[in-house]
Amino acid sequence: MPENRIMLDVLKGKAAFPPPLWMMRQAGRYLPEYRETRRRAGSFLDLCYDPDLAVEVTLQPIERFGFDASILFSDILVVPHALGRDVRFEEGRGPLLAPISAAEIAALDGETFHVNLEPVYETVRRLRTKLPDETTLIGFCGAPWTVATYMIAGHGTSDQAPARLFAYREPAAFLHLLNVLVDYSAAYLIRQIEAGADVVQVFDSWSGVLDEVSFEAFCVGPMAEIVRQVRAVHPNVPIIGFPKGAGAHYRSYRQKTGVTGLGLDWTVPLTTAKELQRDGAVQGNLDPLRLVAGGKALADGVDAILKALGDGPLIFNLGHGITPETPIAHVEAMVKLVRSAS
C-alpha cells in the first residue's frame, strides 16, 4: 500500500495532526449533485449496482471537500439482496424487505452471491484508479446482527424488538442466520479488498439495543469471526469496527474482536475515548447535530475532540452518518476547523 495515505498510518497506531478526516454517509442527500445522480439512477438499488453512477457519487464529496478517505457508495442490505432476498427502498420509508422465516433461513442460497455483487466489485476497481493516490479507499459491509434485524423485521424499528424476540424464540434458526451472514460478509469484504479497498469497515448500527449476553453472542462473536476470516486472506488490511451504542462494551468489543480501528458514536465520553485510544486508533465522534447547527456548537465539538484525542491515533469523523439537512457550508467549516488546528 502507498505510504502517503495518512489514514493507513493512523490505523497502524501513529499519531497525525491534524488527523485524517472523512464522514460516514459523506456521499448522500445533503449534496445537490448526489440528488441529481440519484434522480437519474431511478431506484436506490439501481444506483448501488451501476458502477458508472456509484463511482460518480462516491467521488462527489472527495471532489468537493478533499477528504482523506473515500468510502464505497453502496448499502449494507446488498448482502441479503445478493442472497436472494427481496429488498427495496421507498422514499420516506427506507428499506423494506420480505421478513424472513426460520424455514427460509435454512434455505438461504448463496450460489450466485458474488455474481450478483460483481457491479459493486467493479465500482471498487474503478474507484481505486480514479481517486487521488493519497486518498484511502474504504470498503464496508453491515455487521451480521444489524443486517439480521432488517431481514427479520422487514424494516427498521426503534428498538429492533422483532429480531430480539426471534433470537429468543428461535435460537437455532437465528444462530444459523448469523453464521450465514458472517461467512458471506467476510467473503464480500475479501472481494472488495482484492478489487482495491485499502481498509474495510463493519457497521453494527443496532448493537446498542442488546443486553450484555446478547451483545457478546450477536455482535462480538460474529465480528471476531469476520476479522479472523478476512485476516486469514489479507492479514495486513486494517479493519474498523463501529458498534454504535455499545457504551460500556466498547473496550471488550475491541479486545475480543481484534479490530484495528474502533468507531465511536457521539455518546462516548472523550475521557473514555482517550482510554480506548491507548489500545489503538479510534474514529469519531462528533455529534452529527453539531454539524447541522454549525457555529459555536460545531467549533466547540471539534475543538474538544482534537484536544482530547489529537495527540494519539485519531481519524476524525462524525459519531454516525451525516444527516440530509446538513448545510454544505457547515461541512466546509468543519473541514477548515480540523485542518487548520494547531
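The rules behind the values
Here the residue numbering is sequential within each chain, running from 1 through the sequence in written order. Only residues with pLDDT of 70 or above have their local features reported here, since the model is predicted, and side-chain atom pairs are shown and tallied only from 80 upward, although totals for entire chains, interfaces and linings are computed over all residues. The basis for the side-chain values is all heavy atoms of the structure; hydrogens and waters are excluded. UniProt positions are given in the numbering used here, feature names are shortened, and annotations may be inferred rather than shown by experiment. Centres within 6.5 Å make a pair out of two Phe, Tyr or Trp rings, where for Trp the six-membered ring is used; the pair is then stacked when the planes are under 30 degrees apart, edge-to-face when over 60, and tilted otherwise. Only DSSP runs of H or I with at least four residues qualify as helices, and only runs of E with at least two residues qualify as strands; both kinds are numbered from the N terminus onward. Remark: exposure states derive from per-residue accessible area (1.4 Å probe, protein chains only) relative to the maximum for the residue type, with buried under 20%, exposed over 50%, and partly exposed in between. The axes are straight lines fitted to the C-alpha atoms, using for helices just the contacting stretch, and the angles between their N-to-C directions are given from 0 to 180°. It is the rotation of the near helix from the far one that decides the hand of a crossing: anticlockwise by less than a right angle makes it left-handed, clockwise makes it right-handed. Whether two residues are in contact is decided by their heavy atoms, any of which lying within 4.5 Å being enough. Only Asp, Glu, Lys and Arg are considered charged, only Ala, Val, Leu, Ile, Met, Phe, Trp, Tyr, Cys and Pro nonpolar, and every remaining residue, Gly among them, polar. Lining residues are defined by having an atom within 4 Å of a point belonging to a cavity or pocket. Those points lie on a 1 Å grid over the protein atoms alone, cavities being sets where a 1.4 Å probe fits but cannot get out and pockets being open sets with protein on both sides within 12 Å along at least five of seven lines. Grid points are joined across faces, edges and corners, and a volume is the space filled by probe spheres set on the points. Strands are treated as partners if at least two bridges between them are detected by DSSP. Residues adjacent in sequence count toward polar contacts only when both atoms are side-chain atoms; beyond that, a polar contact is any pair of N or O atoms within 3.5 Å, and within protein one must be able to donate a hydrogen and the other to accept it.

- An unreviewed UniProt entry annotates the protein chain as Uroporphyrinogen decarboxylase originating from Mesorhizobium wenxiniae.
- UniProt, in the comment section headed Function (unreviewed entry), describes the protein chain in these words: "Catalyzes the decarboxylation of four acetate groups of uroporphyrinogen-III to yield coproporphyrinogen-III."
- Taken from UniProt, the Subunit (unreviewed entry) comment for the protein chain reads in full: "Homodimer."

## Let's talk about the packing of aromatic side chains
Then, in step 1: A full pass over the atoms with the stated rule returns 15 aromatic pairs.
Then, in step 2: For the pair Y121 and Y188, a centre-to-centre distance of 6.1 Å together with 50° between the ring planes defines the contact as tilted. Here the residue Y121 occupies a position in helix α8 (residues 118-130), and Y188 occupies one in helix α11 (residues 171-195), the gap between them amounting to 67 residues.
Then, in step 3: Owing to a relative accessible area of 2%, Y121 belongs among the buried residues under this scheme.
Then, in step 4: Overall, Y188 belongs to the buried group, its relative accessible area being 1%.
Then, in step 5: Here F174 and F218 contribute two aromatic rings whose centre-to-centre distance is 4.9 Å and whose plane-to-plane angle is 70°, an arrangement assigned as edge-to-face. Note that F174 is positioned in helix α11 and F218 in helix α12 (residues 212-233), a separation of 44 residues in sequence.

## Comments concerning the packing of α8 against α11
For any two helices packed against each other, the geometry comes down to the angle between their axes and how far apart the axes lie.
Then, in step 1: Viewed as axis vectors pointing N to C, α8 and α11 meet at an angle of 35°, and their least axial separation amounts to 8 Å. As for the relative orientation of α8 and α11, their crossing is right-handed in sense. Contacts from V120, Y121, V124 and R125 in α8 reach Y188, R191, Q192 and A195 in α11.
Then, in step 2: Taken together, the residues of the contact of α8 with α11 sort by class into five nonpolar, one polar and two charged.

## Details of the UniProt feature "domain: Uroporphyrinogen decarboxylase (URO-D)" (unreviewed entry) in the protein chain
Then, in step 1: If you check UniProt for "domain: Uroporphyrinogen decarboxylase (URO-D)" (unreviewed entry), the listed places come out as residues 20-29 and 138-154 in our numbering.
Then, in step 2: Taken as a whole, residues 20-29 contains 0% helix and 0% strand, while its terminal C-alpha atoms sit 23 Å from one another.
Then, in step 3: As a span, residues 138-154 carries 59% helix and 29% strand, and end to end its C-alpha atoms are 28 Å apart.

## Notes on the layout of surface pockets
Then, in step 1: Put simply, the largest pocket is a space of about 1,200 Å³.
Then, in step 2: Taken together, 39 residues line the largest pocket, and the ones lying closest to its centre are R25, R29, F44, D75 and F89.
Then, in step 3: For the lining of the largest pocket, the secondary structure elements donating two or more residues are α2 (32-41), β2 (87-90) and β3 (94-97).
Then, in step 4: Broken down by element, the residue count for the lining of the largest pocket peaks at three residues, all from α2.
Then, in step 5: In terms of residue class, the lining of the largest pocket is built from 19 nonpolar, eleven polar and nine charged.

## Regarding the pairing of strand β9 (residues 314-318)
Then, in step 1: With five of its five residues buried, β9 lies for the most part within the structure.
Then, in step 2: Side-chain alternation along β9 places L314, F316 and L318 on one buried face and I315 and N317 on a second face that is also buried.
Then, in step 3: Pairing between strand β8 (residues 282-286) and β9: five bridges, direction parallel. Bridge pairing in β9 places L286 opposite L318.

## A look at the side chain of T326
Then, in step 1: Residue position: T326 is located in the loop between β9 and α17 (328-339).
Then, in step 2: Given a relative accessible area of 4%, T326 falls into the buried group.
Then, in step 3: One polar contact links the side chain of T326 to the main-chain carbonyl oxygen of T323, over a distance of 2.8 Å.

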